[in-house]
Amino acid sequence: MIACYDLTGVWDFSMAQMRKNTVPSAFTDTISLAKKGSPNPNRETGFLTDAYAFEGQAWFRKTIYVNPEHIGLPMQLTLERTRMTTLWINGKKVGSCDSLCTPHVYDISAFVTKPLTEIVVLVENTGYPTKGGHLTSPDTQSNWNGITGEMMLRVFSDVYADHVQAYPDPDKKQVTLSMQLHGAKTAAFTLTGNVQFADEVIPVPVFQAQLEADQNGRASVTIPLETVYYEWSEYQPALYFLLYQIDEQDNGFVSFGMRKFCADGTRFTINGKPTMLRGKHDGMIFPRTGYAPTDVNEWIRILQTAKDYGINHYRFHTCCPPDAAFTAADLLGIYMEPELPFWGTIAAPGEEGYQEAEQQYLIALGDQMLDAFGNHPSFVMFSLGNELWGSSERLGEILRHYKARDSRRLYTQGCNNFQHFPLVLPEDDYFVGVRLSKERLIRGSYGMCDAPLGHVQTDRPSTMHQYDTIIFPEQKEDADGEAAEEIEIQYGTGVKKVKVSKSAGGLIPTKPVITHEIGQYEVYPNFREIKKYTGPLKARNFEIFRERLAAKGMLSQAEDFFQCSGALAAACYKEEIEAAMRSQYVAGFQLLDLQDFSGQGTALVGMLDAFMESKGLITPEEWRMFCSDCVLLAQFPSYTLISGEMFTAKVSMRTVLPQDGTVEWVPSGMHQPAVFCGRASGSAMVCEEHFVLRKIRCIPAGAENDTGAAAKDFSPQINQVSDNLQKAVQNVSVLCGFL
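Thresholds applied
Residues numbered from 1 in each chain as written. Predicted model: local features only at pLDDT ≥ 70, side-chain atom pairs only at ≥ 80, totals over all residues. Heavy atoms only, no water. Helix = DSSP H or I, 4+ residues; strand = E, 2+ residues; numbered from the N terminus. Buried < 20%, exposed > 50% of the residue type's maximum accessible area, 1.4 Å probe, protein only. Contact = heavy atoms within 4.5 Å. Pairing = 2+ DSSP bridges. Axes fitted to C-alpha atoms, helices over the stretch in contact; angles between N-to-C directions. Lys, Arg positive; Asp, Glu negative; His and termini not counted. Salt bridge = Lys/Arg side-chain N within 4 Å of Asp/Glu carboxyl O. Parallel < 35°, antiparallel > 145°, perpendicular 65-115°, else oblique. Left-handed = near helix turned anticlockwise from the far one by under 90°. Nonpolar A, V, L, I, M, F, W, Y, C, P; charged D, E, K, R; others polar. pLDDT = per-residue confidence, 0-100. Core = buried A, V, L, I, M, F, W, Y, C linked by side-chain atoms within 4.5 Å. Expected span 1.5 Å × (residues − 1).

Caption draft 1: Examining the overall build of the protein chain more closely. Within the protein chain, the secondary structure is distributed over 10 helices and 40 strands. When burial is assessed residue by residue, the protein chain has 56% of its 739 residues classed as buried. Taking the contacts inside the protein chain whose residues are at least 6 apart along the sequence as the reference set, 70% of them involve residues at least 24 apart.

Here's what the structure looks like:
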């Protein structure tokens, strides 16, 4: 690129509804960031109300001055984030674009013929090639219309390169840049730049080469990085920023990270070290604007808030965020999983329900997502959609297409596909679901439509539940007396043979398992939030709920309902997450959600509100006690003891910390805390495994426990015991510090 024209600002505007291929004769309004449309009097209860709901055609016109020296050179017009667009330059139709996820890029070289250039853009938010999932749903960001983010006209020299893709090779400590070369078959290539690691900026040595394009115009060059090699991960998100020049004229930019995110047996690894995905759902909920931000700083705020709560992974439900989200994730070390905007059935050709045009659109959209965002090291996973049905063979075929096109990330057929009848495809790199058969459940709660219910809903409260024996149901003999089947599974850094019940039924996974949309624990509305909805989306549902409560004479209890339901939800989330932490064959989880989900019946399931701001129910420090890269776990059968009952707990740890260290634990709220303390150190801490630190035993006073220290007799004061023991056990299960 040799020049660019920023097209943001005020545009002429029209809401005329025109016939195809016709343009309004007059633009009687202007627009910049204002919300246009007719006031919407509706009051929705299932989701936020768009105060200016609008569906149809929106027209935008702008006249700019182009430097005469640039006329005749290659030019591209980019609209970063929009709906379906059609473009006219100087009265001539250029073409149309229908991507819901990626920038609309038009080649306008042949249309800019004079300095004063008129640009007309039609944006339509109806008639999509697919329903669009949470990209277009009123349950989330709304079906907005317009253009957000970058609006730019770029000018290139006669010889230039674009579509630059970076393919890191950590094993060889090098990166290969592949690009489309225009205007010549060969060109000189010069590269400079730096790598940002921690607080350092390290120069990358100048690199020069001669590009040679193939018959399709693709050229590539491999750049050694041995002397400036730094890996990207959640702990050390090192980023390379490289500037290149073509024939000493055209300039370009590419950024990437050196990382290997892999599925290693039943777990994930980053650069060869185990990691556990502590994820959250994201459905593009931004009430102040009604659309996803394209500003990096806003995404840093959002993702840093999540990271403060121990989150290291984002799953975007039937949607893909803007480039700014990936950039922020690159900087913070967040593992991202965007998804095709589809929630339905993928049938094979010849089957009932096969939609060829829609499928081809979705496949092409996935290609565009890989091209547009594929250089981001944070883009580690890709899903075909949410709760898909249809042909497993067709899903496998689509996965093969993507894996052949781009091997830089892991792929899955979708999240919670086939629901009660899950399966793992040969092409899957990992599995995301809520069960392995109808009865083998791997999350703690379910709606009645997904019954049976989970252990958080049905079992006596304890800290014993884990999913390992559900994922791999072991038994020596089946009920009919026949020997169980022996299979080989990943176990730590090696393998292990286990006997699996032939009668278990359902799926026996051999790839990493992620539990899908766990939680969903509702909190009563906080009516104080209503005043925060200052944008186009209004919380009229909250207003209706408040009116209903007042009509029953109970409005004075609203704060109690909010606080009590919030405390219960926090306790349920704690058990839900700790159950996953206790399960070494659970490779990760995806919460629904850390923040409120404003749609689908007003699902206020978050500890944070829809703005990613605290409700005051639990602090980040308290949440990280059970949701972080190192969680101390106390396992005991009941929170409630009666007088004279003995108490025993096993203390274990789920840790994926990359460094060795020492952990010490001690309960609080006890008169004799030394009785219940422990210490462990060494390389075991870097393993994603459970190990017993110490047993806690409550026995009559004067006796000795297994540490040789006197224990506390709790029997005389049952009320005080219940209070102190609960405090002690809760803190044993969550508090840890490192020396």
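On we go.
Caption draft 2: View of the environment of Ala238. Within the secondary structure layout, Ala238 lies in the loop between β16 (218-224) and β17 (239-246). The class of Ala238 is buried, set by a relative accessible area of 0%. Along the primary structure Ala238 and Val201 are separated by 37 residues, whereas in three dimensions their C-alpha atoms are 9.9 Å apart. Among all residues touching Ala238, those that are not within four sequence positions of it are Val195, Gln196, Phe197, Tyr230, Glu231, Trp232, Phe256 and Gly257.

Caption draft 3: Inspection of the sheet that holds strand β22 (residues 277-282) at higher detail. One open sheet holds the six strands; their spatial order is β24-β23-β22-β34-β32-β29, and the pairing between them is parallel. Both edges of this open sheet fall to β24 (335-337) and β29 (431-433), since each of them pairs with a single strand only. Strand-to-strand twist of the sheet, defined as the mean angle between neighbouring strand axes without regard to direction, takes the value 25°. The pairing of strand β23 (residues 313-316) with β24 spans three bridges and is classified as parallel. When the bridges of β24 are listed, Arg315 appears paired with Glu337.

Caption draft 4: Region of the structure containing the side chain of Asp450. Within the fold, Asp450 resides in the loop between β29 and α5 (455-458). Buried within the structure, Asp450 lacks any salt-bridge partner; Arg443 is the closest side chain of opposite charge, at an N-O distance of 4.4 Å.

Caption draft 5: Examining the sheet that holds strand β3 (residues 29-31) more closely. Strands sit in the order β3-β2-β5-β10-β7-β8 across an open sheet of six strands; the sheet is antiparallel. Taken across any chain shown, the strands that pair with only one partner, and hence form the sheet edges, are β3 and β8 (92-97). Taking each pair of neighbouring strands and ignoring which way they run, the sheet shows an average axis angle of 30°. Strand direction decides the pairing type here: strand β5 (residues 57-65) and strand β10 (residues 116-124), joined by nine bridges, are antiparallel. Note that in β10 the partner of Phe60 across the bridge is Val121.

Caption draft 6: Here's a closer look at the environment of Gln355. Structurally, Gln355 is set in the loop between β25 (345-346) and α3 (356-373). In sequence terms Gln355 and Thr345 are 10 residues apart; their C-alpha atoms lie 9.2 Å from each other.

Caption draft 7: The packing of α3 against helix α4 (residues 392-405), seen in detail. With their axes 11 Å apart at the nearest point, α3 and α4 run at an angle of 25° to one another. One finds that α3 runs roughly parallel with respect to α4. Relative to α4, the crossing made by α3 is right-handed. Contact with α3, carried on its side by Gln359, Gln360, Leu362, Ile363, Gly366, Asp367, Leu370 and Asp371, involves Arg394, Ile398, His401, Tyr402 and Arg405 of α4 and no other residues of that element. Looking at the contact of α3 with α4 residue by residue, the class counts come to five nonpolar, four polar and four charged.

Caption draft 8: Region of the structure containing the pairing of strand β15 (residues 200-212). By the bridge criterion, 11 bridges tie strand β14 (residues 186-197) to β15 in an arrangement that is antiparallel. Residue pairing across strands places Ala188 opposite Gln210, the latter belonging to β15. A loop of two residues connects β14 with β15, the two strands running antiparallel in sequence, and Ala198 in this loop sits at a positive phi of about 55°.

Caption draft 9: Region of interest: the pattern of salt bridges. Using the criterion set out here, one finds 25 salt bridges in the structure. Across the salt bridge formed by Asp12 and Arg61, the nearest N and O atoms sit 3.3 Å from each other. One end of the pair, Asp12, is in strand β2 (residues 11-14); the other, Arg61, is in strand β5, with 49 residues separating them in the sequence. Close ionic contact of Glu543 with Arg43 constitutes a salt bridge, the shortest N to O distance being 3.8 Å. Residue Glu543 is located in helix α7 (residues 540-551), and its partner Arg43 is located in the loop between β3 and β4 (49-50); the two are separated by 500 residues in the primary sequence. Salt bridges sharing partners connect three or more residues here, namely Arg288, Lys532, Asp609 and Glu613.

Caption draft 10: Representation of the confidence of the model for the protein chain in the model. In this model, the protein chain carries a mean pLDDT of 87, and residues with pLDDT of at least 70 account for 85%. Between residues 670-677, whose pLDDT stays under 50, and residues either more than four places distant or in other chains, the model counts 23 contacts.

Caption draft 11: Inspection of the nonpolar core at higher detail. Formed by 103 residues in total, the largest nonpolar core has its most connected members in Trp299, Tyr314, Leu384, Tyr402, Phe589, Met607 and Trp623. In this structure, Leu384 is in contact with Glu339, Leu340, Phe342, Leu395, Ile398, Leu399, Tyr402, Thr412, Gln413 and Gly414, ignoring residues within four places of it in sequence. Judged by nonpolar contacts, the second largest core, of 32 residues, contains Val164, Leu177, Ile202 and Val221.

Caption draft 12: Examining α7 more closely. Taking 1.5 Å per residue, 12 residues should reach 16 Å; α7 reaches 16 Å between its end C-alpha atoms and fits that length. Among all positions in α7, only Arg540, Asn541, Phe542, Ile544, Phe545 and Leu549 are buried. Downstream of α7 by a residue or two, Gly553 has a phi angle that is positive, lying close to 75°.

Caption draft 13: Region of interest: α3. If you check α3, its first and last C-alpha atoms are 26 Å apart, about what 18 residues at 1.5 Å a residue would give, namely 26 Å. Buried residues along α3 sit against β12 (160-169), α2 (323-332), β25, β26 (381-383), α4 and β28 (410-412).

Caption draft 14: Inspection of unusual backbone geometry at higher detail. Look at the link from Ala451 to Pro452: it is a cis peptide, with omega at 15°. Positive phi is not limited to glycine here, since Glu387 has a value of about 45°. By the element assignment, Glu387 lies in the loop between β26 and β27 (389-390). For Phe418, which is not glycine, the phi torsion reads 60° and is therefore positive. Tracing the chain through its elements places Phe418 in the loop between β28 and β29.

Caption draft 15: Local environment of the packing of helix α1 (residues 296-308) against α2. Contact pair α1 / α2: the axes reach a minimum separation of 8 Å and the direction vectors enclose 50°. Compared by their axis directions, α1 and α2 come out oblique. Classified by chirality, the crossing of α2 by α1 is right-handed. Contacts between α1 and α2 involve Val296, Trp299, Ile300, Leu303, Gln304 and Lys307 on the former and, on the latter, Ala324, Ala325, Thr327, Ala328, Ala329, Leu331 and Leu332. The class makeup of the residues in the contact of α1 with α2 is 10 nonpolar, two polar and one charged.

Caption draft 16: A look at the pairing of strand β18 (residues 250-256). Side chains Asp250, Gly252, Val254 and Phe256 of β18 all project onto a buried face; the interleaved residues Asn251, Phe253 and Ser255 project onto a face where none is buried. Between β17 and the antiparallel strand that follows it, β18, lie three residues; Asp247 among them carries a positive phi value of about 50°.

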